[in-house]
Amino acid sequence: MASFDIDTYLARSGAVDLWAVDWAGVPKHPLPPGAIRTLRYMQDIESHTIVYLRSLLATRAIDDPDVATFLACWVHEETFHGLALERFLAAAGHPMGPRPKPHGHENFAQWFEARFTALLSRLWPDFCAVHMTWGAINELSTLTAYRRLMALANHPVLSTLLERITLDESRHFFFYYRQAERRMQRRAVARVARLIVDRFWAPVGSGVQPDGELIFMARYLFSDDEGRVAVRKVDDTIRRLPGFASVRLLEAWMHRYARAADGDGGSNGHGQH
Ligand SMILES: [Fe+2]
Ligand SMILES: [Fe+2]
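Residues numbered from 1 in each chain as written. Chains lettered and ligands numbered in written order. Predicted model: local features only at pLDDT ≥ 70, side-chain atom pairs only at ≥ 80, totals over all residues. Heavy atoms only, no water.

1. What about the overall build of the protein?
Then, number 1: On a plain count of helices and strands, the protein comes out with 11 helices and 0 strands.
Then, number 2: Moving toward the C terminus, one meets the helices and strands of the protein in the order α-α-α-α-α-α-α-α-α-α-α.
Then, number 3: With respect to the principal axes defined by its C-alpha atoms, the protein has extents near 55 × 45 × 40 Å.
Then, number 4: Out of the 273 residues belonging to the protein, those deemed buried represent 48%.
Then, number 5: At a minimum sequence separation of 6, the contacts of the protein that also span at least 24 residues come to 83%.
Then, number 6: Only carbon and sulfur atoms are counted for the fraction: they give 58% of the accessible area of the protein, which is about 13,400 Å².
Then, number 7: The positive charge centre, built from 32 side chains, and the negative charge centre, built from 31, are 5 Å apart in the protein. (Helix = DSSP H or I, 4+ residues; strand = E, 2+ residues; numbered from the N terminus. Buried < 20%, exposed > 50% of the residue type's maximum accessible area, 1.4 Å probe, protein only. Contact = heavy atoms within 4.5 Å. Areas by Shrake-Rupley, 256 points an atom, 1.4 Å probe, with all protein chains shown as cover. Lys, Arg positive; Asp, Glu negative; His and termini not counted. Charge placed at Lys NZ, Arg CZ, Asp CG, Glu CD.)

Below, the structure written as structure tokens:
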């Protein structure tokens, strides 16, 4: 993997061009019901990025000029992912409609998590290593999920749109991964980061969307042979980070909560890690 250059990232950063998408072509091709349900989950999570940013701004993340610059571009790009998926679903005849609760609404667990993160960041100067590792895991699993969705949905307009979105996701992943790698060269930092990931990590969207939706999406995208290979690749990549050689992430989560043979679909993936 090459080194990360913030200037190159800035030169390539930009929003998805919503005018360039063939919206009129969307209803001309069938879309599997599983893909629609998965897209609804993804749209909600993409548009939740602004809320995630709120808790990030309360941490040391913005003390580093490269991280601050990256985050400004990142939130811009993620916002457009949300808008593009929203338009796609509307064009396909499945508009999102209003959320039961606005994105800014926090339940007690989310409020506590944000405060705990801010406090930990204040107490521990290397907290940013956790944030960067977390970002790398989430971006890589998002990227992998979009690639699986492209293959399963087999819808030409969706594929073109997701090709464009995954370009952004892979650049996001690259930034976070390189930052995490650099910050965890110190063993003590890597050890604490690993402890936190082991204890608290759950897939993107846990606690934002109902657990049943997360489990449905995970099964839809990752239950077949290609899905299982994709999941293993995510974990293998994260295992190359310093101190993470034995970490168990998506594959273990899938095994625990989203095995295709399980019939309940409602067991909880959040808060138990
Ligand atoms: Fe995104
Ligand atoms: Fe991203």
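2. A look at the pattern of salt bridges
Then, number 1: Counted by the stated rule, this structure contains 14 salt bridges.
Then, number 2: The salt bridge involving Asp64 is made with Arg183; its shortest N-O contact spans 2.8 Å. With Asp64 in the loop between helix H3 (49–57) and helix H4 (65–91) and Arg183 in helix H7 (residues 156–183), the pair connects residues that are 119 residues apart, well separated along the chain.
Then, number 3: Between Asp198 and Arg194 there is a salt bridge, and its shortest N-O distance comes to 3.0 Å. Residue Asp198 and its partner Arg194 are located together in helix H8 (residues 187–200), separated by 4 residues, close to a single helical turn.
Then, number 4: Each of Glu77, Arg164, Asp168 and Arg171 takes part in salt bridges that share partners, so that together they form one network. (Salt bridge = Lys/Arg side-chain N within 4 Å of Asp/Glu carboxyl O.)

3. Some thoughts on H8
Then, number 1: Taking 1.5 Å per residue as the helical rise, H8 with its 14 residues ought to reach 20 Å, and the 20 Å between its terminal C-alpha atoms agrees with that figure.
Then, number 2: Looking only at H8, the buried set comprises Val189, Ala190, Ala193, Arg194, Ile196 and Val197. Seen along its axis, H8 keeps its buried residues to an arc of 165°; they face one direction. The exposed set on the far side of H8, more than 90 degrees from its buried face, consists of Arg187, Ala188, Arg191 and Leu195.
Then, number 3: Taken together, the buried residues of H8 touch helix H5 (108–123), helix H6 (128–153) and H7. (Expected span 1.5 Å × (residues − 1). Arc of directions from axis to C-beta.)

4. What about the coordination of the iron ion (ligand 2)?
Then, number 1: Taken together, the protein donors to the iron ion (ligand 2) comprise Glu78 (OE), Glu139 (OE), Glu139 (OE), Glu169 (OE) and His172 (ND1), at separations of 1.9 to 2.6 Å.
Then, number 2: Taken as a pair, the iron ion (ligand 2) and the iron ion (ligand 1) show a spacing of 3.8 Å, with Glu78 coordinating each metal. Of the two residues, Glu78 is situated in helix H4 and Glu139 in helix H6; the sequence distance between them amounts to 61 residues. Grouping residues by exposure puts Glu78 and Glu139 together as buried. (Donors = N, O, S within 2.8 Å, 3.2 Å for Na, K, Ca; no water.)

5. Let's talk about the environment of Trp23
Then, number 1: Secondary-structure assignment places Trp23 in the loop between helix H1 (6–12) and helix H2 (33–46).
Then, number 2: Distance in space between the C-alpha atoms of Trp23 and Phe88 is 6.9 Å, their sequence separation being 65 residues.
Then, number 3: Once residues lying within four places of it in the same chain are set aside, the contact partners of Trp23 are Leu18, Ala84, Arg87, Phe88, Ala91 and Leu161.
Then, number 4: A polar atom in the side chain of Trp23 sits 2.9 Å from the backbone oxygen of Leu18. (Polar contact = N/O pair within 3.5 Å; in protein donor to acceptor, adjacent residues only side chain to side chain.)

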